[in-house]
Protein chains: 2
Amino acid sequence: MTNPEKSPVPPAVIDDSTLRLFIGYHMKRAFNVVQADLTQTLKPFDLRMLTYTALVLVVDNPGLSQSQLADAMGIERPNLVVILDELEHRELIVRDRAPTDRRAYALKATLAGRRLYDKAVAAVITHENRLLASIDDATRSILIKALSEVREHQTT
Amino acid sequence: MTNPEKSPVPPAVIDDSTLRLFIGYHMKRAFNVVQADLTQTLKPFDLRMLTYTALVLVVDNPGLSQSQLADAMGIERPNLVVILDELEHRELIVRDRAPTDRRAYALKATLAGRRLYDKAVAAVITHENRLLASIDDATRSILIKALSEVREHQTT
DNA sequence: TATTGTTATACTCTATAACTATA
DNA sequence: TATAGTTATAGAGTATAACAATA
């Protein structure tokens, strides 16, 4: 729990009795580690977590609109624009016009986008398995299920 | 792997088959919900997640140095300075000089700081219990333990 | 009127380099 | 020389308001 040999100033034995009841702290710290690992994993593909997530969702859900994608990613529509601009300029996705609604786009991945997706997803799976090595499959299921339930709680 | 063609633009049934293997996505979405709730909960106390976390750690670990606190919070030292400036200006904490090392500070909470801590912690516990209502105690323990293990994996 | 995508903008959080004063 | 705290700064990520085109 603590970090023994380290600094000259007191060893710092952190009393996290209160933090035990503070789930946001644990989620933030764990997410930081996951994101740091993810950033390194995605660097060879020139992707960040946001561009990777957008690419994955577009490949798996062709025809998605920007509003739907922003909603799936949990970000506001304006913030998605630059993310998709980047993917489009790199010719990984295209913004087709939606046939039924001329206001909306139908997002689709290009062949290059699907190829990058295949390689990046494989790398991410490998790295995440290493990151979660100490956590057995049953616990991983519980973890993901619990996180999903928290997300769906969505109080506002 | 992909999705059958469905509604033109509307309801959006997201295929998250790939995301299921992408723990960072679930952690980010869940953390967003927790932080949004936390932000609202702390607003009456004029605290943000970072100032709240710093206050909690200082109250529970009096005499902590800024380096130790930054380490415990998972942020860099420079970013902690403004956080502590704010808490100090509000007279919730003090920066005493460490007796053994004149470079370092020994951080301590004031009486006002401990009083705000009491009220804020109570509010946070109440709100988190509501947020985690659908998750039983055993699962909560597994969740926190799994998150801690991920944090301690710390690749870099 | 309402919605899609867009621009502009501001705020928070984060990371790095370089400085000072101590060690 | 190394460490503690600080300053300055730049980069992400996020949120809101307002607009044009379309519904």
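Above this text you will find the structure in question.
### So, the packing of aromatic side chains
- For the structure shown, the criterion picks out four aromatic pairs over all chains.
- Chaining the aromatic ring pairs together yields one cluster made of Phe22(A), Tyr25(A) and Tyr52(B).

### Notes on the protein's contact with DNA strand D
- DNA strand D sits among 21 residues. The nearest are Arg48(A), Arg102(A), Gln66(B), Ser67(B) and Arg103(B).
- Interatomic distance of 2.6 Å between a backbone N/O atom of Ser67(B) and a phosphate oxygen of DNA strand D.
- Arg95(B) is positioned such that a nitrogen or oxygen atom in its side chain is 3.1 Å from a phosphate oxygen of DNA strand D.
- Mapped by element, the contributors of at least two residues to the surface near DNA strand D are helix 4 (77–89) of chain A together with helix 3 (66–73) and helix 4 (77–89) of chain B.
- With three residues, helix 4 of chain B is the largest single contributor of residues to the surface near DNA strand D.
- Residues of the surface near DNA strand D, tallied by class, amount to seven nonpolar, five polar and nine charged.

### Topic: the protein's contact with DNA strand C
- Around DNA strand C there are 20 residues in total, and Gln66(A), Ser67(A), Arg103(A), Arg48(B) and Asn79(B) lie nearest to it.
- Protein-proximal atoms of DNA strand C, defined as those within 4 Å of the protein, fall in sugar or phosphate at a share of 62%.
- Contact distances for DNA strand C include 3.2 Å between a phosphate oxygen and a side-chain N or O atom of Lys28(A).
- Broken down by secondary-structure element, the contributors of at least two residues to the surface near DNA strand C are helix 3 (66–73) and helix 4 of chain A together with helix 4 of chain B.
- With three residues, the top contributor of residues to the surface near DNA strand C is helix 4 of chain A.
- Taken together, the residues of the surface near DNA strand C break down into seven nonpolar, four polar and nine charged.

### Remarks on the side chain of Thr41(A)
Residue and element names in this part refer to chain A.
- Its location among the elements puts Thr41 in helix 1 (residues 23–42).
- A polar atom in the side chain of Thr41 sits 2.9 Å from the side chain of His127.
- Aside from chain neighbours lying at most four places away, what touches Thr41 is Ala123, Val124 and His127.

### Here's the deal with the interface of chain A and chain B
- Taken together, the contact between chain A and chain B spans 76 residues of the former and 73 residues of the latter.
- Taken as a group, Phe22(A), Ile23(A) and Arg151(A) account for 9% of the area that chain A buries against chain B, more than any other trio of residues on that side.
- Taken together, the links from chain A to chain B amount to zero salt bridges.
- Our count for the contact surface shared by chain A and chain B stands at nine residue pairs in polar contact (both at pLDDT 80 or more).
- Mapped onto the side of chain A that touches chain B, the elements with two or more residues apiece are helix 1, helix 2 (49–60), helix 3, helix 5 (111–131) and helix 6 (137–153) of chain A.
- For the side of chain A that touches chain B, the element with the most residues is helix 1 of chain A, which contributes 14 residues.
- Split into classes, the residues belonging to the side of chain A that touches chain B amount to 42 nonpolar, 21 polar and 13 charged.

### Some words on the environment of Gly113(B)
Residue and element names in this part refer to chain B.
- With respect to the secondary-structure elements, Gly113 resides in helix 5 (residues 111–131).
- Take Gly113: its relative accessible area is 0%, and that puts it in the buried class.
- In sequence terms Gly113 and Leu92 are 21 residues apart; their C-alpha atoms lie 3.9 Å from each other.
- Setting aside its immediate chain neighbours within four residues, Gly113 contacts Leu55, Val59, Glu91 and Leu92.

### A look at the packing of helix 2 (residues 49–60) of chain B against helix 5 of chain B
All names here are of chain B.
- Contact pair helix 2 / helix 5: the axes reach a minimum separation of 10 Å and the direction vectors enclose 120°. Between helix 2 and helix 5, the crossing angle belongs to the class labelled oblique. You can see that helix 2 and helix 5 cross each other, and the crossing is left-handed. Residues Tyr52, Leu55, Val56, Val59 and Asp60 of helix 2 form the contact with helix 5, whose participating residues are Gly113, Arg114, Leu116, Tyr117, Ala120, Val121 and Val124.
- Tallied by class, residues from the contact of helix 2 with helix 5 come to nine nonpolar, one polar and two charged.

### Overview of the relation of the copies chain A and chain B
- The two copies are related by a screw motion: chain A maps onto chain B through a turn of 180° and a shift of 0.0 Å along the axis, at an RMSD of 0.1 Å. In symmetry terms, the pair is related by a two-fold rotation axis. It is Leu143(A) whose C-alpha, among those of chain A, lies nearest the rotation axis, at 2.8 Å.
- The residues that chain A uses at the interface reappear at the interface of chain B in 91% of cases, marking a shared surface.

### With respect to helix 2 of chain B
Residue and element names in this part refer to chain B.
- Between its first and last C-alpha, helix 2 extends 16 Å over 12 residues, near the 16 Å set by a 1.5 Å rise per residue.
- For helix 2, a buried count of 11 out of 12 residues is recorded, marking the element as mostly surrounded by other parts of the structure.
- For helix 2, the full list of buried residues reads Met49, Thr51, Tyr52, Thr53, Ala54, Leu55, Val56, Leu57, Val58, Val59 and Asp60.

### Focus: the packing of helix 1 of chain A against helix 2 of chain B
- At a minimum axis distance of 11 Å, the contact between helix 1 of chain A and helix 2 of chain B shows a crossing angle of 110°. One element, helix 1 of chain A, and the other, helix 2 of chain B, form an angle in the roughly perpendicular class. Two secondary-structure elements touch here, helix 1 of chain A through Gly24(A), Tyr25(A) and Lys28(A) and helix 2 of chain B through Met49(B), Leu50(B) and Thr53(B).
- Class assignment of the residues belonging to the contact of helix 1 of chain A with helix 2 of chain B gives a composition of three nonpolar, two polar and one charged.

Reading the values: rules and limits
- Residues numbered from 1 in each chain as written.
- Chains lettered and ligands numbered in written order.
- Predicted model: local features only at pLDDT ≥ 70, side-chain atom pairs only at ≥ 80, totals over all residues.
- Heavy atoms only, no water.
- Phe/Tyr/Trp six-rings, centres within 6.5 Å; stacked < 30°, edge-to-face > 60°.
- Near = heavy atom within 4 Å.
- Polar contact = N/O pair within 3.5 Å; in protein donor to acceptor, adjacent residues only side chain to side chain.
- Helix = DSSP H or I, 4+ residues; strand = E, 2+ residues; numbered from the N terminus.
- Nonpolar A, V, L, I, M, F, W, Y, C, P; charged D, E, K, R; others polar.
- Contact = heavy atoms within 4.5 Å.
- Buried area = accessible area lost by both parts, 1.4 Å probe.
- Salt bridge = Lys/Arg side-chain N within 4 Å of Asp/Glu carboxyl O.
- Buried < 20%, exposed > 50% of the residue type's maximum accessible area, 1.4 Å probe, protein only.
- Axes fitted to C-alpha atoms, helices over the stretch in contact; angles between N-to-C directions.
- Parallel < 35°, antiparallel > 145°, perpendicular 65-115°, else oblique.
- Left-handed = near helix turned anticlockwise from the far one by under 90°.
- Least-squares fit on C-alpha atoms with pLDDT ≥ 70 in both.
- Expected span 1.5 Å × (residues − 1).

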